[in-house]
Each structure stands twice: as C-alpha cells, then as structure tokens.
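Each chain, written out:
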Amino acid sequence: MNDTPIIYEFPLNERIRVFIRLEQLFSQFEHHLQGTTAADKRAALIIFFDIIAIFKRNDLKSETLKEIDRHSNVLNKIAANSHESVDTLKLREILTKLSDMSQHLYAMNGKIGSHLSEDDLFQSIMQRSAIPGGTCSFDLPEFHYWLDQDASLCLNDLNRWSQPFTVVFSAIRLMLDFIRGSRLVTEEVAQEGFFQMTLDTSLPNQLIIVTLDKAEPYFVEISGGKHRCTIRFMSQPQNKQRPVQSTQNIPFSLSRCIF
C-alpha cells in the first residue's frame, strides 16, 4: 500500500496565493536549468516568461518587504516576551537574516527585470514566443545558434537574465517556509466527503493545508475566505464524467498556518 501523503494547499490571502504560484514556477524553472538539452533550455525560458508576467502584474519587491516586516514584528514580540522554551539565539539569527534580506531588497534599484530590455537576444525570443511555433530556426536563427551552444554558456545567460527575480524569490521562499512551519495540525473527519470550519479572525490565518494518503481515491477541493473554509473530497467516476463528492466519511490531517 502506498502511504505517501498528498498535500493540498489553499492560501487565504492574495499575497500568499501569488507567492505559491511563483514557487511552483521557480521549482520548474530550476528543474530545467539542470538539463543540458535544447528542449530543457526552451522549457526554462517558457517558464521564465510566466515568472516575468507575474512580476509585471504585481509589485513583488514591495509585497515581499511587507511580508518580511510582518514576520519581523511577530518575532520581535516573541523575543521581547521570551521564556525558557524559546531558543533566543536561533530567534536572533532569524531576525538578523530577515533584516539582511530586507536591506538587500531595499538596495535593489529600479524595476525588477529592467535589465532585460537591453538584451536584444532575450527580447527577440520573448516576442517570438508569443506566436505558436514562432521560435523555429527560420524565424530566429540567432536563438537556434544559442540553443546549440555549450550548456554552461546557456546556463550563464539564463542565470544572468533571471538573477534579480531569483533574489526576490529567495526571500519569498523563506517567508513560505516560515508560514508552513507555523502550522497547527488537527485530525479531522469529512462527513460524507464534506468539512467546513469557521476561522478565528483574530488570528493572521495565511494558509490551509490538507494532507491525505495518496492511496485514497479522492482529490480535495478547498474554497473559502477570511471567515470560513470549506473542504470537499471528490472522486472521479470511471466514465470520466464530472467529479462527484464522496459519500464516505474520510479522515484527514488539517493544518492551519497562522504565522
């Protein structure tokens, strides 16, 4: 029996939602950076274009700084009221790391990604990539030549193009680690595949996590807002018609991240 759990996350505010979307994209981007084939390089670029699009729609430098300030304020309160159960040395190390990260972000001048406008090759690839199949060798011979170069040369270019975005995401990744590390775990049962809970609005609820055994024949749909959250356990009929809510009572682990 496969006891590996499958995890479903539901962000409770827009900032964390954007952070997790970026996390997924950077995970794929970093995966393809390890590859050496032309297909890997193409895949990395396509994903990078999605990362750029999210940065264009959101002031992620500002949003990340706000999240760092929020975590710093919480940790400073803990430090001021610490007792024997708190590792004060570790707490100070974290606060120093947050302060250094904040200073690093403040020191980044200009718009994130502005350096890309000066790179003719990158701009050509990005513009032609908006056209289905638009980066063939007869469309972009320069790109075709670049794809055929040594993997280390292409990796240097990809790292140079993505470096400012990666700096911001390093801070985002740390914030997500803190949030997930603040989870309060309870064991629950979804009656006939349905579970609803009221959220304590006096707490800074950030993320809901449902953990389910991978062997269970269900997937999880989560919806909600700042006041309540609804969880449904859905199954896919063998005839591939629309998924239906289970009629079984299903035990699962529920985590509420409140940091």
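Definitions and cut-offs
Residues numbered from 1 in each chain as written. Predicted model: local features only at pLDDT ≥ 70, side-chain atom pairs only at ≥ 80, totals over all residues. Heavy atoms only, no water. Axes fitted to C-alpha atoms, helices over the stretch in contact; angles between N-to-C directions. Helix = DSSP H or I, 4+ residues; strand = E, 2+ residues; numbered from the N terminus. Parallel < 35°, antiparallel > 145°, perpendicular 65-115°, else oblique. Left-handed = near helix turned anticlockwise from the far one by under 90°. Contact = heavy atoms within 4.5 Å. Nonpolar A, V, L, I, M, F, W, Y, C, P; charged D, E, K, R; others polar. Buried < 20%, exposed > 50% of the residue type's maximum accessible area, 1.4 Å probe, protein only. Pairing = 2+ DSSP bridges. Expected span 1.5 Å × (residues − 1).

Student: So what about the packing of helix α1 (residues 14-33) against helix α3 (residues 60-80)? Which residues, and what values?
Tutor: Pairs of packed helices are described in terms of their axes, by the angle between the two and the distance that separates them. Where α1 meets α3, the axes come as close as 11 Å, and the angle between the chain directions of the two elements is 115°. In terms of orientation, α1 lies roughly perpendicular with respect to α3. Seen from above, α1 lies across α3 with left-handed handedness. Across the interface between the two elements, R15, I16, V18, F19 and L22 of α1 pack against L60, E63, T64, K66 and E67 of α3. Considered class by class, the residues forming the contact of α1 with α3 number 5 nonpolar, 1 polar and 4 charged.

Student: Break down the packing of α3 against helix α4 (residues 88-106) for me, citing the residues and quoting the values.
Tutor: Where α3 meets α4, the axes come as close as 10 Å, and the angle between the chain directions of the two elements is 155°. In terms of orientation, α3 and α4 fall into the roughly antiparallel class. Note that α3 runs across α4; the crossing there is left-handed. Residues K61, T64, L65, I68, D69, H71, S72, L75, N76, I78 and A79 of α3 form the contact with α4, whose participating residues are L91, R92, I94, L95, L98, M101, S102, L105 and Y106.

Student: Outline the side chain of S255, listing residues and values.
Tutor: For S255, the position within the fold is in strand β8 (residues 250-257). For S255, a relative accessible area of 2% puts it in the buried group. Those residues within four positions of S255 in sequence are excluded, and the remaining contacts are R183, L184, V185, L207, I208 and I209.

Student: I'd like a rundown of unusual backbone geometry, residues and numbers included.
Tutor: Unusually for a residue other than glycine, E192 sits at a positive phi of about 50°. Residue position: E192 is located in the loop between β2 (183-190) and β3 (194-198). By relative accessible area, E192 is classed as exposed at 52%.

Student: Requested: an account of the pairing of strand β5 (residues 219-224), with residues and values cited.
Tutor: With 6 bridges connecting them, β5 and strand β6 (residues 228-235) associate as antiparallel partners. From the neighbouring strand, V220 faces β6, where its bridge partner is F233. Hairpin connection, β5 to β6: the antiparallel pair is bridged by 3 residues.

Student: Give a description of α3 that names residues and reports values.
Tutor: The end-to-end C-alpha distance of α3 is 30 Å, a good match for the 30 Å that 21 residues give at a rise of 1.5 Å each. Listing the buried residues of α3 in full gives L60, K61, T64, L65, E67, I68, R70, H71, S72, L75 and A79.

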